[in-house]
Amino acid sequence: MVVRMRHTRSHTKNRRSHHALKSTGLTKCDNCKNMKKRHAVCPSCGFYRGTKVLDLVKKMEKKQKKEKAKKAQS
Ligand SMILES: [Zn+2]
């Protein structure tokens, strides 16, 4: 909609009252009960729809190994 003429402040505010952003859909994880994004793997336990998709322990170990290697280098 193109605003053709000047409106009152209340008219402008009334129009903009519909412009607020809605929060993205967050749901509880079935496995660990933490909040997670919908349609995404849970970041705290690696489960998606009741099955383990990500091995977070292995991931953490890999990350730590990488950091250690980086520290040893410098
Ligand atoms: Zn979870």
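Residues numbered from 1 in each chain as written. Predicted model: local features only at pLDDT ≥ 70, side-chain atom pairs only at ≥ 80, totals over all residues. Heavy atoms only, no water.

**Describing the overall build of the chain**
Here is step 1: Within the chain one finds two helices and four strands.
Here is step 2: Starting at the N terminus and walking to the C terminus, you meet the elements of the chain as α-β-β-β-β-α.
Here is step 3: Whereas a compact globule of 74 residues would reach a radius of gyration of roughly 11 Å, the chain reaches 23 Å, over 25% beyond that.
Here is step 4: Expressed as a percentage of its 74 residues, the buried residues of the chain come to 8%.
Here is step 5: Across the chain, the fraction of contacts at a sequence separation of at least 24, relative to all contacts at a separation of at least 6, is 0%.
Here is step 6: Element-wise, carbon and sulfur atoms account for 54% of the exposed surface of the chain, whose accessible area totals about 7,600 Å². (Helix = DSSP H or I, 4+ residues; strand = E, 2+ residues; numbered from the N terminus. Rg over C-alpha atoms; globule rule 2.2 N^0.38 Å. Buried < 20%, exposed > 50% of the residue type's maximum accessible area, 1.4 Å probe, protein only. Contact = heavy atoms within 4.5 Å. Areas by Shrake-Rupley, 256 points an atom, 1.4 Å probe, with all protein chains shown as cover.)

**Overview of unusual backbone geometry**
Here is step 1: One non-glycine residue, Lys33, lies in positive phi territory at about 65°.
Here is step 2: For His39, which is not glycine, the phi dihedral falls at a positive 55°.
Here is step 3: Mapped onto the secondary structure, His39 falls in the loop between strand S2 (35-37) and strand S3 (47-48).

**Re the environment of Asp55**
Here is step 1: Checked against the element boundaries, Asp55 lands in the loop between strand S4 (51-52) and helix H2 (56-73).
Here is step 2: With ten residues separating them along the chain, Asp55 and Cys45 place their C-alpha atoms 8.3 Å apart.

**Describing the coordination of the zinc ion**
Here is step 1: Surrounding the zinc ion are the protein donor atoms Cys29 (SG), Cys32 (SG), Cys42 (SG) and Cys45 (SG), which sit 2.2 to 2.3 Å from the metal.
Here is step 2: In this structure, the zinc ion is surrounded by four donor atoms whose angles at the metal cover 107 to 113°, and the resulting shape is tetrahedral.
Here is step 3: Donor residues binding the zinc ion come from one chain and are separated in sequence as C-x2-C-x9-C-x2-C. Of this pair, Cys32 sits in the loop between strand S1 (26-28) and S2 while Cys42 sits in the loop between S2 and S3, placing them ten residues apart in sequence. (Donors = N, O, S within 2.8 Å, 3.2 Å for Na, K, Ca; no water. Tetrahedral: all angles 85-135°; square planar, octahedral: opposite > 155°, others 65-115°.)

**Topic: the confidence of the model for the chain**
Here is step 1: Taken over all residues, the pLDDT of the chain has a mean of 85, while the share at 70 or more is 97%.
Here is step 2: Within the chain, S4 has the poorest average pLDDT of any element, 81, and helix H1 (residues 9-16) the best, 92. (pLDDT = per-residue confidence, 0-100.)

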